[in-house]
Structure formats: structure tokens, C-alpha cells
Amino acid sequence: MEGKIPMKERYQRNERLRMLSEMKRRAFYTPFEGQTRNVLFEGKEDDGKMFGFTDNYIKVVAAAQDDYINQIVPATLTRINADGMMEVNLPVTYPY
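Residues numbered from 1 in each chain as written. Predicted model: local features only at pLDDT ≥ 70, side-chain atom pairs only at ≥ 80, totals over all residues. Heavy atoms only, no water.

### Some details on the pattern of salt bridges
With the rule as written, the count across this model stands at 8 salt bridges. A salt bridge links Arg13 to Glu9; the shortest N-O distance between them is 3.0 Å. Of the two residues, Arg13 and Glu9 are both situated in helix H1 (residues 7–29); the distance of 4 residues between them amounts to about one turn of the helix. Judged by its relative accessible area of 40%, Arg13 falls in the partly exposed class. In this structure, Arg79 and Glu87 form a salt bridge, with 3.2 Å as the shortest nitrogen-oxygen distance. Arg79 gets classed as partly exposed once you look at its relative accessible area, which sits at 44%. (Salt bridge = Lys/Arg side-chain N within 4 Å of Asp/Glu carboxyl O. Helix = DSSP H or I, 4+ residues; strand = E, 2+ residues; numbered from the N terminus. Buried < 20%, exposed > 50% of the residue type's maximum accessible area, 1.4 Å probe, protein only.)

In C-alpha cells, the structure reads:
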């Protein structure tokens, strides 16, 4: 096919798009640091972490607690980690 973009250029463009995506995610997440939001924890992994999303779709990670899986829990958003997810502090016990 004529006019094909060289692979090197495609890789460079792709890398720039990934960097832009990360910058935009961090710009969205940052204003919410320190806020308490409702989080639905959807599952946990073997490494002792559980993952979920806030009510406005911020991806969060926390230390796994079986009582919180598939529950909506108020959590304080603390900081963005190296993986681009928001770390959270959870209440010690969930009020049932």
C-alpha cells in the first residue's frame, strides 16, 4: 500500500499518545486527592491488593479486605501511585 507510515514513526506516535493519556489521567485524578468518595471494590489479586472504581470512575487500589469486595465503601483518596491508580485509605470497620 502506498503512503504507509514507517514503523519507527508509528512507534514514536504511539508513545506520544500514551504519554498524553497518562498526563490527562493524572490531571483528572489530582484534584480529587484528599477527598472521600464512594468506591466499588470489584475484586482482589493474590498479591494482597484489591481494585475498584470511585463514583466518578477513578481507578483505585487498596490493601485487600474480603468484607469490602463487591461493596460500596467510603474511601479517602490519598495519592496517585506509579501504576497510575489512586491509592485509598479505608475505614477500619465498615458500618453495616
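Following the structure, the description resumes.
### A few points about the nonpolar core
Formed by 17 residues in total, the largest nonpolar core has its most connected members in Phe41, Val60, Val88 and Leu90. Secondary-structure elements contributing two or more residues to this core are strand E1 (36–44), strand E3 (59–63), strand E4 (72–80) and strand E5 (86–89). Not counting chain neighbours up to four residues away, the residues in contact with Leu90 comprise Phe41, Met50, Ala62, Ala63, Gln65, Tyr68, Val73 and Ala75. (Core = buried A, V, L, I, M, F, W, Y, C linked by side-chain atoms within 4.5 Å. Contact = heavy atoms within 4.5 Å.)

### Considering the side chain of Arg37
Summarising the element assignment, Arg37 is placed in strand E1. At 3.1 Å, the side chain of Arg37 forms a polar contact with the side chain of Asp55. Not counting chain neighbours up to four residues away, the residues in contact with Arg37 comprise Phe32, Thr54, Asp55, Asn56, Val73, Pro74, Ala75 and Leu77. (Polar contact = N/O pair within 3.5 Å; in protein donor to acceptor, adjacent residues only side chain to side chain.)

### Section: the sheet that holds E3
Ordered by their spatial adjacency, 5 strands build a closed barrel running E1-E2-E3-E5-E4, and the pairing between neighbours is mixed. With strand direction ignored, the average angle separating the axes of adjacent strands in the sheet is 55°. As judged from the 2 bridges shared by E3 and E5, these two strands associate in the parallel manner. When the sheet's bridge partners are listed, Val60 is paired in E5 with Met86. (Pairing = 2+ DSSP bridges. Axes fitted to C-alpha atoms, helices over the stretch in contact; angles between N-to-C directions.)

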